[in-house]
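# Close look at the chain arrangement
Given next are the chains, with one letter for each unit.
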Amino acid sequence: MRSSSWWTEWPTGPIRIGVVFLVATATIVVVLAYPGLLREAGDEASANSAQAWVDRAVAGGNGIVANQQAVYAARALIPADAAYHVAIASDYTGGDELTQDHLASYFRYFLMPRRPEEVAAWIVCYGCDLAEYGPDAEVLWRGDDDISIVHVPSGPLTPSPGSRF
Amino acid sequence: MRGVSDWIDALRLLGLAYVAGAVVTGSIWTLLLIAGAPFSFGLVLGLPVVLTAAFAVAGRTRRRSLPRGGRLEGGSQLVVTAIGIAASGLLLEALFRPARLSGLYEFDGWSFWVPKAKAIYELGGLDEQFFTTLPGAVYPPLVPTLDAAAFHAMGSADVVTLHVQYWLFGVGLVWALAGLLAERVPAWTLWPFIVLLLLAPRLGRRLQIAEADMFLDVVFVIASVLVLYWLLDRQRWRLVVATALLCGMVLTKREGLLLFAVLLVASLVASAREWRSAWPKLGVMTAVVAATAIPWRIWYVTHDVGGEGPADGFVQGDRFDLLGPAIRRVLDVLFDVGYWNVVVPVAVGAIALAALARVGRMAVFFGTLLALLVLGGIWATWVFSLTGEGYVVGGNFVIRFLGSAALLCVAASPLLLSAVWAKVGGTAAPSDARPRRLGLAAAIAVVPLLAYPVAAVAGGAPRFPTRDECSRPATTDAPDLEVVYGRFDDPRAADDLLAKLNAIGFIGAEIEFDACARWKVSYDAIESLEQGEALAAQVRDAGFDAQVEHDG
């Protein structure tokens with residue numbers, strides 16, 4: 001046990017008190033915050049575990065792709081070595097606020113190793129005017145939210161003016 | 001290479017060995033990729049084997065023997081160590097649970113870090129199209145390479161299980177840091193800060209995030225501690241391992257270059273009095289790190305990717321109006337307890353006490369390093385900030401960058417406080433005089449680590465979801481019965497089956513996208529198991545598959 005003078009002698013006493021204070025602060029914060037993190041991690045684990053398989057797989061895309069079927073249909077229909085183009089009409093109102101800006105980016109992640117191109121025979125259409133892709137355009141899948149997957153057998157086309165990549 | 005005297009020493013340094021091994025292996029993989037080598041499973045498996053064999057031969061040549069025996073220091077230190085191991089281990093166990101089944105939600109994760117990893121895994125190298133057009137194209141590919149190696153090990157680009165790799169990096173960080181600091185810090189000072197690391201929201205909760213920030217910070221802080229130790233005791237292995245880690249750091253993110261510069265300057269300042277002996281070795285370290293950094297920079301320059309520096313120059317005269325807001329933003333973030341808890345104020349207090357107690361080199365090193373990190377953060381915030389409506393000065397960048405400063409504070413605080421304590425006469429009693437309490441310490445460390453998983457499992461067995469989990473065979477008391485004719489990855493196959501069933505008179509079936517991302521053809525107007533079995537039998541007689549399931 002240290003004497004009281006050991007804690008008060010100048011200049012080392014206040015420094016000793018400072019060390020004890022800082023270690024005690026860290027220890028007290030640990031004691032106070034510890035149960036919260038345990039609880040939080042448990043809650044998050046339960047939420048992750050309760051998720052549907054597809055919700056977990058699409059994850060960050062759930063707020064972007066408007067319809068989970070679209071990404072899986074694209075993956076099933078577009079060959080792994082093919083190129084594709086994601087076209088989204090500028091007035092497309094499906095999805096949410098992230099859809100316009102991040103849709104193509106999410107498809108790029110999800111469809112790899114398929115390659116995104118400005119012009120391609122495979123087109124993922126969000127709110128497009130399909131007639132613009134010509135009479136050869138074959139709609140291979142059409143989902144809710146005005147989403148289609150189109151193949152143009154005759155070859156790549158220039159994307160419509162109202163579309164963007 | 002260092003040699004370990006006993007098993008306690010080996011156990012203490014195991015975390016450092018893991019982090020160093022991951023960084024060295026990842027760095028060599030990365031350099032091979034840059035050189036154009038295909039990233040095959042053979043390379044993923046072969047390089048660690050070759051490195052292990054090479055280091056074993058080198059250790060043998062240097063007459064390193066296997067560790068023998070080992071004796072734990074007894075007394076209250078041992079009990080506190082046991083409490084610390086239990087507390088941090090329990091948190092790591094808790095963090096493993098959400099990591100195991102976490103989807104890839106992080107924006108930068110799915111936007112470019114993991115796509116780069118998928119490109120390496122799927123296409124076998126640094127595919128020019130993806131690596132020049134993905135966001136963050138200028139970032140070096142070490143972390144995506146480690147991710148791609150994990151994909152090879154898992155057999156698929158499993159972005160959910162990938163989070164476990166990041167959790168393992170977190171375990172490596174905690175272990176390496178605790179093991180290194182334990183050399184100089186008594187247990188009562190060490191463990192509160194190690195646990196605090198896990199509790200700080202932007203540190204502990206982000207260990208399993210599939211991005212490169214935490215990995216960068218981990219490597220930087222461990223390398224910093226090793227460089228400091230080298231400055232203090234000049235054991236050569238410390239500088240060798242630090243150099244290896246810093247090579248990995250400059251292959252991780254562009255901030256790695258800034259962090260290296262900051263660490264180098266702090267090391268030069270802290271060793272100014274012995275510059276004749278220290279600076280040449282720091283020069284060699286710099287040369288090795290630069291040689292490792294250059295190939296990636298050649299790769300992106302030759303592939304027309306924009307540079308890592310600010311587009312308008314390192315000093316931007318037309319942005320001086322942003323300097324004040326940048327300084328405020330950096331200080332606000334640095335002292336925000338919502339991000340780092342009390343880690344930073346405690347470290348600042350520790351530096352102040354160290355200066356008062358004239359602890360010397362350690363205070364100079366950490367003080368300079370922290371000051372330079374803050375200045376670096378201010379500079380980067382000033383020159384890189386996007387401006388205009390909707391933008392916050394520094395944005396998310398400054399929070400990411402200052403993670404390195406906060407993590408450094410976690411390492412600095414216990415080192416400084418224990419050095420101050422020793423300097424002002426608070427030295428503990430000799431360890432041999434104390435009772436050993438080995439049994440008590442073992443119980444304290446092990447029981448909670450075993451009890452937590454048992455308690456978690458008691459609350460419900462862990463799930464191991466697969467894509468087949470949506471197929472649930474019916475039982476007599478199951479709700480929502482249906483007869484399922486098939487599940488398909490391709491929606492056209494589902495359409496075909498439905499058409500065939502309709503053609504032979506099985507009317508009423510529908511196609512539905514199920515929770516396992518397959519198109520399901522089923523008939524759901526089933527009242528009872530018997531009715532369902534009868535319908536399924538008829539469909540099977542007609543040459544199709546059918547099974548009664550429940551949808552509940």
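Before reading further, recall that the structure is shown in the block above.
Residues numbered from 1 in each chain as written. Chains lettered and ligands numbered in written order. Predicted model: local features only at pLDDT ≥ 70, side-chain atom pairs only at ≥ 80, totals over all residues.

### Topic: the overall build of chain A
When helices and strands are counted, chain A shows 5 helices and 5 strands. The linear arrangement of helices and strands in chain A, starting from the amino end, is α-α-α-α-β-α-β-β-β-β. The dimensions of chain A, computed from C-alpha atoms along their principal axes, are 95 × 35 × 30 Å. Taken across its 165 residues, chain A has 40% of its residues classed as buried. Expressed as a percentage of contacts within chain A between residues at least 6 apart in sequence, the contacts between residues at least 24 apart total 69%. (Helix = DSSP H or I, 4+ residues; strand = E, 2+ residues; numbered from the N terminus. Buried ≥ 20, exposed ≤ 12 C-beta atoms within 10 Å, placed from the backbone. Contact = placed C-beta atoms within 7 Å.)

### Notes on the interface of chain A and chain B
Listed as interface residues are 43 residues of chain A and, on the opposing side, 55 residues of chain B. Elements that contribute at least two residues to the side of chain A that touches chain B include exactly helix 2 (12–50), helix 3 (53–58), helix 4 (68–77), helix 5 (99–111) and strand 4 (138–143) of chain A. In terms of residue count, helix 2 of chain A provides more of the side of chain A that touches chain B than any other element does, 22 residues in total. Residues that form the side of chain A that touches chain B fall into these classes: 27 nonpolar, 11 polar and 5 charged. (Nonpolar A, V, L, I, M, F, W, Y, C, P; charged D, E, K, R; others polar.)

### Digging into the packing of helix 15 (residues 343–356) of chain B against helix 16 (residues 361–384) of chain B
Residues and elements named next belong to chain B. Their axes nearest at 9 Å, the elements helix 15 and helix 16 cross at an angle of 140°. Viewed along their axes, helix 15 and helix 16 form a crossing whose handedness is left-handed. Across from Ile351, Ala354 and Ala355 in helix 15, the residues of helix 16 making contact are Met362, Ala363, Phe366, Gly367 and Leu370. Taken together, the residues of the contact of helix 15 with helix 16 break down into 7 nonpolar, 1 polar and no charged. (Axes fitted to C-alpha atoms, helices over the stretch in contact; angles between N-to-C directions. Left-handed = near helix turned anticlockwise from the far one by under 90°.)

### A short note on the pairing of strand 1 (residues 481–488) of chain B
Residue and element names in this part refer to chain B. Burial within strand 1 is extensive, with 7 of its 8 residues counted as buried. In the sheet, strand 1 pairs with strand 4 (residues 547–550) via 4 bridges, with the strands oriented antiparallel. Bridge assignment links leucine 481 to a residue of strand 4, and that residue is histidine 550. Bridge analysis of strand 1 against strand 3 (residues 519–523) gives 5 bridges, and the strand direction is antiparallel. Bridging across to strand 3, arginine 487 finds its partner in lysine 520. (Pairing = 2+ DSSP bridges.)

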